[in-house]
There are 2 protein chains.
Amino acid sequence: MSIDDVAAEAGVHRSTVSRAFSRPEAVNPTTRQRILEVAESLGYQMSPLAQALRRKTSNLVPLIVPDITNPFYGELAKTMATAAAGKGYQLVLCVTDGEVAQTSGYLTALQGMYAPFGIVAPSTSVDLDELQSVALGSRVVVVDRVEKANVPTVTVDSAEGIALAVDHLRGLGHRRIAYVSGISGTYTSRDRLAAYEGLAEKLEMPATILDAGTGPEVGERAAELFVDMPREQRPTAVIAANDMVAFALISSLGARGVSIPGEVSVMGFDGLELGSRSNPRLTTVRQPIADMGAIAIDLAEQLLNDGEAQHVVLTPDLLIRASTAEVPR
Amino acid sequence: MSIDDVAAEAGVHRSTVSRAFSRPEAVNPTTRQRILEVAESLGYQMSPLAQALRRKTSNLVPLIVPDITNPFYGELAKTMATAAAGKGYQLVLCVTDGEVAQTSGYLTALQGMYAPFGIVAPSTSVDLDELQSVALGSRVVVVDRVEKANVPTVTVDSAEGIALAVDHLRGLGHRRIAYVSGISGTYTSRDRLAAYEGLAEKLEMPATILDAGTGPEVGERAAELFVDMPREQRPTAVIAANDMVAFALISSLGARGVSIPGEVSVMGFDGLELGSRSNPRLTTVRQPIADMGAIAIDLAEQLLNDGEAQHVVLTPDLLIRASTAEVPR
DNA sequence: TTGAAAGCGGTACCAA
DNA sequence: TTGGTACCGCTTTCAA
C-alpha cells in the first residue's frame, strides 16, 4: 500500500497525492477530496520512514533519562509521552543509568534517525557544553536542570520551593530544620541545597545538612546521623532533597523506631503521586510535572523555529499531607 | 556523510561498501579492511532509516505499557531497554493509559515504521485475539499476562508465588490470611486471586477477599473493610495483589492507626525496589523482573525465526523484609 | 569478488 | 493546479 497505489486508483500522479496530504491548499479541492477518499478506502498510511528519509526530519524524539525506574522520571516520561503524542511525535526511550557517555551516544544514534530534537533529563554529571558538541546536541531541551544560556530549559524554582517548605514547617513551630541531601548530589539536589542554605542564612536559622548516602542504602546514613545526635540537638523537621529520598529516610527512621511525624516531621520535594500511598502520606513541595512535558515540547519547537533558547521556570506549590506536624514539646 | 562518500574515498562501488558491513564474508578481506578504515576515519554511520526503508524492517520496537508512572512498569521498561539496546533495538515508548484502542493504534503506527515486533504489557481488558488482528499484532510478545496459545508470553507462576506467601505467613503462625485484590482487576491480579482461592480451599483455610478499590483512593476501601470488622474476626495477615496495592493499603491502614506488622502483617507481590524504601519495608513475593526483558526479546526473535510462540513461566521467590511478623497473641 | 541498476516510499522543484 | 523527474541513503539481484 504505497503512494503510487493511491495515485493510480485516484487517477492522478503520486506528487499530487503527496501534496494532498502535506500541502492541501496547493491542490484542487475536488481532486483532494477524491484522493482522500481513495486513500481512506484503501486504508493507506503514509510511511513515516520514507517521509523522514526524504525530508531529513522524522517524528522520533529521544527522551533521555538516567533511570526510568525512579517514579519521578516515570511521571516525567508520562507527561512527555502525552505531549509528544499530541504533536505527532514518538518518544524513543533512552535510559542512561547516569552514564554521561550514553547520553551523547543516544543523541548521535537518534540523529541518524533524523530526530528533530531531543529531550534530556540529565543525570548529575552531564556537561551541557559537552552535550551540545554532539550533532543533535544543539537541538535539545533540558528538563529539571538549571538554566544554561543557549539550551532551552524547563525547571522549577528551587528557592521558592524551599521557602514554601520552610514556611510550612516554621508555621508548625519548627526551628531546627535540617536538609537531607540527595543521591550522589543530583543537580536539582544541589540547587535545592543551595536554596536551603541561602534561606537559613537569611532567616538566621541554623543550617544542618544530613547526607542520605548513595545506592540502595539511601536514607540509612541520614537516619544514623539523626539518631546519633543528642535528642535536644536533633532537628525537629527535615526537608529531603526529593520525594524518593524522603521515602527512604522515613523508611530508615521507621526501622530505628523514630516516629513520623511524632518525633520528626519529614518533607519531600517533587510531589509524586506515590506520596499519597506512603506511610505516613508525604507532605511535599509539588513540581508541576504535568506541565513540564507540554512546555518542553513547545520549547523545542520554538528552538527549531526561531533558534531561540528560552528558559521556563515553573512555580511549585505545597502539598500538605501527613508527614509533618506541630513541633513536639 | 553517506555510503557514496565512503565508496568514493575507498575507490569502490557503494554496493561493495554495503556488503562490507552487512555481509562481510562476501567481500575481499583487504578491500573490506580498507572500507572499514575509510568509514571509520570519515566517521561514517549507516542510516538506519534508509536501511529500514529498503529492508522493510527496522530496529524500532514498541514497548506498550498501560502506565509508565507505575514503578512496576518502570522496572520492566528498564530491563527491556537494557535487553533491547544489547541487540541493537531502540524502544519506542507507548503509554496506553489502559485504553485498549491505543494499543492497536500504536501497533499499526509502529508497523508503518517497519517495527520487527512489539512488546506488550497489556492492561486489564486488552483482548489478545483482537490484538493479533492488527498487522503487527501477530509479531508481539506479551509480558505479565497468562498464556495464550499463539502469542509468546513471559509470566511468573502466580500459584507458586501465592504459595510462597502463604507458607511464609503460616510459618509465622497466621491462620486468617486475607487477599486484597488489585486496582480494577488487573489481569495478574485476577490470576493471583484465583491462586489464593485455590490454595485456601486446598488448605481448608477461610478465604477472605478485600477489595482495595480503584483510582487514587486505592487501599482505602480495604482498610475500611478491615477496621470495620470485629477484632477477633480480622485477618492477622493480608496478601496484596501487588506491591503498589500493598503500599496503598499500608498507607491507609497507617492513617487509621493500625500498626504494621504489629496488628496485621502485609505482604506484597512483585518485589519492587521501592519496597526497600517503604515504611515498614515490604515483605513480598519477587518476580524476576530483571530476566523478563531479555527473555521477552529472545521470544520475539524466536517467533520471527521459527514462527514458534513459546511460553516462559518464571519462578518467583520470597523477599522477607519488615512488613510481616509473628501473629500477635 | 565487484559493479551496475532498479527500487523502497516518499518530497520538492521545475515545467506545462 | 498538475505531472515529471530527480533524489533521500541503502539493499539486492544480475552480470561481468
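Computed from a predicted model, the values in this text were never measured in an experiment.

S.K.: Please clarify how the packing of helix α8 (residues 158-171) of chain A against helix α9 (residues 187-203) of chain A should be interpreted in this entry.
M.R.: Each pair of packed helices can be described by the angle between their axes along with the distance between the axes. Residue and element names in this part refer to chain A. Between α8 and α9, whose axes approach to 9 Å, the crossing angle comes to 50 degrees. As the angle between them shows, α8 and α9 are arranged oblique. Taken as a pair, α8 and α9 cross one another with a handedness that is right-handed. Touching S158, A159, I162, A163, V166 and R170 of α8 are D191, R192, A195, Y196, L199 and L203, all from α9.

S.K.: Sorry if this is basic, but what is going on with the protein's contact with DNA strand C here?
M.R.: Of all residues adjacent to DNA strand C, which total 29 residues, the nearest are A:S18, B:T16, B:T31, B:R54 and B:K56. Counting only atoms of DNA strand C within 4 Å of the protein, the sugar-phosphate share comes to 52%. One of the backbone nitrogen or oxygen atoms of A:S47 is found 3.1 Å away from a phosphate oxygen of DNA strand C. At 2.9 Å from a phosphate oxygen of DNA strand C is found a side-chain nitrogen or oxygen belonging to A:Q51. Of all the secondary-structure elements, those providing two or more residues to the surface near DNA strand C are α2 (14-22) and α4 (48-55) of chain A together with α2 (14-22) and α4 (48-55) of chain B. Tallied by class, the residues present in the surface near DNA strand C amount to 10 nonpolar, 11 polar and eight charged.

S.K.: Which parts of the structure should I look at to understand the relation of the copies chain B and chain A?
M.R.: Mapping between the two chain copies consists of a rotation about an axis together with a translation along that axis. With an RMSD of 0.1 Å, the fit of chain B onto chain A corresponds to turning through 180 degrees and sliding 0.0 Å along the axis. As the rotation angle and translation indicate, the two copies are arranged about a two-fold axis. No C-alpha of chain B approaches the rotation axis more nearly than that of B:V92, which lies at 2.2 Å. Counting the interface residues of chain B, we find that 100% of their copies in chain A are interface residues as well, pointing to one common contact surface.

S.K.: I tried to follow the protein's contact with DNA strand D on my own but got confused; where do I start?
M.R.: Neighbouring DNA strand D are 28 residues; A:T31, A:R54, B:I3, B:S18 and B:R54 lie closest to it. Backbone atoms, meaning sugar and phosphate, form 55% of the atoms of DNA strand D found within 4 Å of the protein. Contacts to DNA strand D include A:H13, whose backbone N or O atom sits 3.0 Å from a phosphate oxygen. Within the side chain of A:R19, an N or O atom sits 2.7 Å from a base oxygen of DNA strand D. Counting residues per element, the ones that place at least two in the surface near DNA strand D are α2 and α4 of chain A together with α2 and α4 of chain B. A breakdown of the residues in the surface near DNA strand D according to their chemical character gives nine nonpolar, 11 polar and eight charged.

S.K.: Would you mind going over the nonpolar core with me for this structure?
M.R.: As a rule of thumb, soluble globular proteins bury nonpolar side chains together. Counting 149 residues, the largest nonpolar core has A:I119 and B:I119 as the members making the most contacts within it. Judged by nonpolar contacts, the second largest core, of 40 residues, contains A:V120, A:V140, A:V142 and B:C94.

S.K.: Before we go on, may I ask you to explain the interface of chain B and chain A in this structure?
M.R.: It is common to give the size of an interface as the accessible area lost on bringing the parts into contact. Each partner contributes to the interface: chain B provides 49 residues, whereas chain A provides 49 residues. Roughly 4,000 Å² is buried in total at the junction of chain B and chain A, and carbon and sulfur atoms are behind 61% of that figure. With its nearest N and O atoms 3.5 Å apart, the salt bridge here joins A:D97 to B:K78. Taken together, the links from chain B to chain A amount to 11 residue pairs in polar contact (both at pLDDT 80 or more). Mapped onto the side of chain B that touches chain A, the elements with two or more residues apiece are α4, α5 (71-86), β2 (90-95), α6 (100-112) and α11 (243-255) of chain B. Top element by residues in the side of chain B that touches chain A is α11(B). It accounts for eight residues. Its residues assigned to classes, the side of chain B that touches chain A shows 29 nonpolar, 12 polar and eight charged.

S.K.: Please explain the pairing of β2(B) as it appears in this structure.
M.R.: A regular strand places its side chains so that they alternate between the two faces of the sheet. Burial runs high along β2(B): six of the six residues are buried. Direction of pairing for strand β2 (residues 90-95) of chain A relative to β2(B): antiparallel, over a ladder of three bridges. Following the sheet pairing, A:L93 is matched in β2(B) by B:L91. Judged from the six bridges that link them, strand β1 (residues 60-65) of chain B and β2(B) form a sheet pairing that is parallel. Within β2(B), the position partnered with B:P62 by the bridge is B:V92. You can see the chain leave β1(B), run along α5(B) and come back into β2(B), and the turn it takes is right-handed.

S.K.: Mind showing me how you'd approach the domain arrangement of chain A here?
M.R.: All names here are of chain A. Parsing chain A into structural domains produces domain 1 (3-46), domain 2 (60-156 + 289-315) and domain 3 (158-287). Here the C-alpha centroids of domain 2 and domain 3 sit 28 Å apart. If you look at the interface, domain 2 gives 12 residues, while domain 3 gives 18 residues. Three residues, T124, V146 and V156, lead the burial of domain 2 against domain 3; their summed loss comes to 39% of the area buried on that side. Viewed at the interface, domain 3 and domain 2 are joined by zero salt bridges. Linking domain 2 with domain 3 are three residue pairs in polar contact (both at pLDDT 80 or more), by the criterion used here.

S.K.: Please explain the sheet that holds strand β8 (residues 237-240) of chain B as it appears in this structure.
M.R.: One key point about sheets: their strands pair by backbone hydrogen bonds, in either a parallel or an antiparallel sense. Residues and elements named next belong to chain B. Taken in spatial order, the six strands make up an open sheet running β7-β6-β8-β9-β10-β12, and their pairing is mixed. Single-partner strands in this sheet number two, and they are β7 (208-211) and β12 (317-319). Each strand axis lies, on average, 25 degrees off the axis of its neighbour in the sheet, ignoring direction. Sheet topology note: the strand β6 (residues 177-181)/β7 ladder contains four bridges and is parallel. Counted as the bridge partner of A178 is T208 from β7. Against the sheet, helix α8 (residues 158-171) engages β6, β8, β9 (265-270), β10 (283-286) and β12, with an angle of about 160 degrees to β9. Across the sheet, helix α9 (residues 187-203) touches β6, β7 and β9, and the angle it forms with β6 is around 160 degrees.

S.K.: Teacher, can you tell me more about empty space enclosed by the protein here?
M.R.: One way to see where empty space is left: roll a probe the size of a water molecule over the atoms. In this structure the tally under the stated criterion is five cavities of 30 Å³ or more. In this structure, the largest cavity occupies an estimated 190 Å³ of space. Along the walls of the largest cavity sit 15 residues, with A:R277, A:S278, B:F247, B:R277 and B:S278 positioned nearest its centre. Looking at the lining of the largest cavity, the elements that each hand over two or more residues are α11 (243-255) of chain A together with α11 of chain B. Looking at which element gives the most residues to the lining of the largest cavity, the answer is α11(A), with three residues.

S.K.: Explanation requested: the UniProt feature "domain: HTH lacI-type" (unreviewed entry) in chain A in the structure shown.
M.R.: Those residues carrying the UniProt feature "domain: HTH lacI-type" (unreviewed entry) are residues 1-55 of chain A in this numbering. For the annotated span residues 1-55 of chain A, helix accounts for 71% and strand for 0% of the residues, and the straight-line distance between the end C-alpha atoms is 20 Å.

S.K.: Is there a simple way to explain the pattern of salt bridges in this structure?
M.R.: When their charged atoms lie close together, side chains carrying opposite charge are able to pair. In total, this model carries 26 salt bridges over all chains according to the counting rule given. Where A:E25 meets A:R23, a salt bridge forms, and the shortest distance between an N and an O atom there is 3.9 Å. Residue class for A:E25 comes out exposed when judged on its relative accessible area of 60%. Given a relative accessible area of 45%, A:R23 falls into the partly exposed group. In this structure, a network of salt bridges that share partners links the residues A:E220, A:E224, A:R256 and B:R281.

S.K.: I would appreciate a short explanation of the layout of surface pockets in the present structure.
M.R.: Counted as a void, the largest pocket has a volume near 1,200 Å³. A:Q45, A:M46, A:S47, A:P48 and A:Q51 are the residues nearest the centre of the largest pocket, which is lined by 39 residues in total. Elements with a minimum of two residues in the lining of the largest pocket: α1 (3-10), α2 and α4 of chain A together with α6 of chain B. Per element, the largest residue contribution to the lining of the largest pocket is seven residues, and it comes from α4(A). Lining the second largest pocket are 30 residues, and of these B:Y44, B:Q45, B:M46, B:S47 and B:P48 lie nearest its centre. Looking at the lining of the second largest pocket, the elements that each hand over two or more residues are α6 (100-112) of chain A together with α1 (3-10), α2 and α4 of chain B. With five residues, α4(B) is the single largest residue contributor to the lining of the second largest pocket. For the lining of the second largest pocket, the residue count by class is 11 nonpolar, 14 polar and five charged.

About the criteria used
Residues numbered from 1 in each chain as written. Chains lettered and ligands numbered in written order. Predicted model: local features only at pLDDT ≥ 70, side-chain atom pairs only at ≥ 80, totals over all residues. Heavy atoms only, no water. Axes fitted to C-alpha atoms, helices over the stretch in contact; angles between N-to-C directions. Helix = DSSP H or I, 4+ residues; strand = E, 2+ residues; numbered from the N terminus. Parallel < 35°, antiparallel > 145°, perpendicular 65-115°, else oblique. Left-handed = near helix turned anticlockwise from the far one by under 90°. Contact = heavy atoms within 4.5 Å. Near = heavy atom within 4 Å. Polar contact = N/O pair within 3.5 Å; in protein donor to acceptor, adjacent residues only side chain to side chain. Nonpolar A, V, L, I, M, F, W, Y, C, P; charged D, E, K, R; others polar. Least-squares fit on C-alpha atoms with pLDDT ≥ 70 in both. Core = buried A, V, L, I, M, F, W, Y, C linked by side-chain atoms within 4.5 Å. Buried < 20%, exposed > 50% of the residue type's maximum accessible area, 1.4 Å probe, protein only. Buried area = accessible area lost by both parts, 1.4 Å probe. Salt bridge = Lys/Arg side-chain N within 4 Å of Asp/Glu carboxyl O. Pairing = 2+ DSSP bridges. Right-handed = clockwise from strand over helix to strand, strands pointing away. Domains from an automatic or database assignment. 1 Å grid on protein atoms, 1.4 Å probe; cavity = no way out; pocket = protein on both sides within 12 Å on 5 of 7 lines; lining within 4 Å. Points joined across faces, edges and corners; volume = space filled by probe spheres on them. UniProt positions renumbered as here; feature names shortened; annotations may be inferred.

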